[in-house]
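Chain residues, written in single-letter form:
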Amino acid sequence: PELFAENDIAGSMVQNIFVFLMHQGYSLLYFPIDGSDDPPVYCYNEGAPSPVLAESKFSQWVAAVA
């Protein structure tokens with residue numbers, strides 16, 4: 001996404017990803033597209049040095065917000 005490019009974020013954590021939630025263009029949640037049935041969820045907020053792990057499994061993230 002443009003947000004990564006604008007903040008000079010590069011690397012394997014931001015390649016081949018699916019962004020499933022974005023808030024006002026400065027915050028997003030995504031998971032890697034790696035063939036996993038229940039991938040980890042990462043969060044990136046504009047200005048942060050790198051994405052952080054939000055939840056170790058997508059299903060756990062869904063359960064936490066449901």
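The structure this text deals with has already been given above.
What this report covers is the structure whose coordinates are included nearby. In this text the structure is predicted, and so the values were computed from the model without any measurement.

Once that is clear, we can look at the packing of aromatic side chains. Within the structure shown, the criterion is met by seven aromatic pairs. Here phenylalanine 58 and tryptophan 61 contribute two aromatic rings whose centre-to-centre distance is 6.1 Å and whose plane-to-plane angle is 20°, an arrangement assigned as stacked. You can see phenylalanine 58 and its partner tryptophan 61 sitting in helix α2 (residues 58–65), three residues apart, about one turn around the helix. Taken together, the aromatic side chains of Phe18, Phe20, Phe31, Phe58 and Trp61 make up a single cluster linked through ring pairs.

Moving on, we get to the nonpolar core. Of all hydrophobic cores here, the largest spans eight residues; its members are Leu3, Phe4, Ile9, Ile17, Leu28, Tyr30, Tyr42 and Tyr44. For this core, the secondary structure elements donating two or more residues are α1 (2–6), β2 (27–32) and β3 (41–45).

What follows deals with the environment of proline 49. For proline 49, the location among the structural elements is in the loop between β3 and β4 (52–55). By relative accessible area, which is 75% here, proline 49 ends up exposed. Separated by 40 residues in sequence, proline 49 and isoleucine 9 have C-alpha atoms that sit 7.5 Å apart.

On to the sheet that holds β3, then. Spatial strand order, β1-β2-β3-β4: four strands in an open sheet with antiparallel pairing. Every other strand in the sheet has two partners, leaving β1 (17–23) and β4 as the edge strands with one partner each. On average, adjacent strands in this sheet sit at an angle of 35° to one another, irrespective of strand direction. Here β1 runs beside β2; their pairing, made up of six bridges, is antiparallel. Of the residues in β2, the one forming a bridge with histidine 23 is serine 27.

What counts as what
- One numbering rule holds for all chains: residues counted from 1, following each sequence as written.
- Reporting of local features is limited, given that this is a predicted model, to residues whose pLDDT is at least 70; pairs of side-chain atoms are given and counted only at 80 or more, and all residues count toward the totals for whole chains, interfaces and linings.
- Think of the side-chain values as coming from all heavy atoms in the structure, minus any hydrogens and water.
- Side-chain rings of Phe, Tyr and Trp (the six-membered ring for Trp) are treated as a pair once their centres are within 6.5 Å; stacked means planes under 30 degrees apart, edge-to-face means over 60, and tilted covers the remaining angles.
- Helical segments are the DSSP runs of H or I of at least four residues, strand segments are the runs of E of at least two, and each set is numbered from the N terminus.
- We define a nonpolar core as any set of buried Ala, Val, Leu, Ile, Met, Phe, Trp, Tyr and Cys residues linked to one another through side-chain atoms lying within 4.5 Å.
- Exposure is judged per residue with a 1.4 Å probe applied to protein chains only, and the accessible area is read against the type maximum: over 50% gives exposed, under 20% gives buried, and values in between give partly exposed.
- Only strands that DSSP links by at least two bridges are regarded as paired with each other.
- The angle between two axes is taken between their N-to-C directions and runs from 0 to 180 degrees, where each axis is a line fitted to C-alpha atoms and a helix contributes only its stretch in contact.

Nothing here speaks to function; it is geometry throughout.
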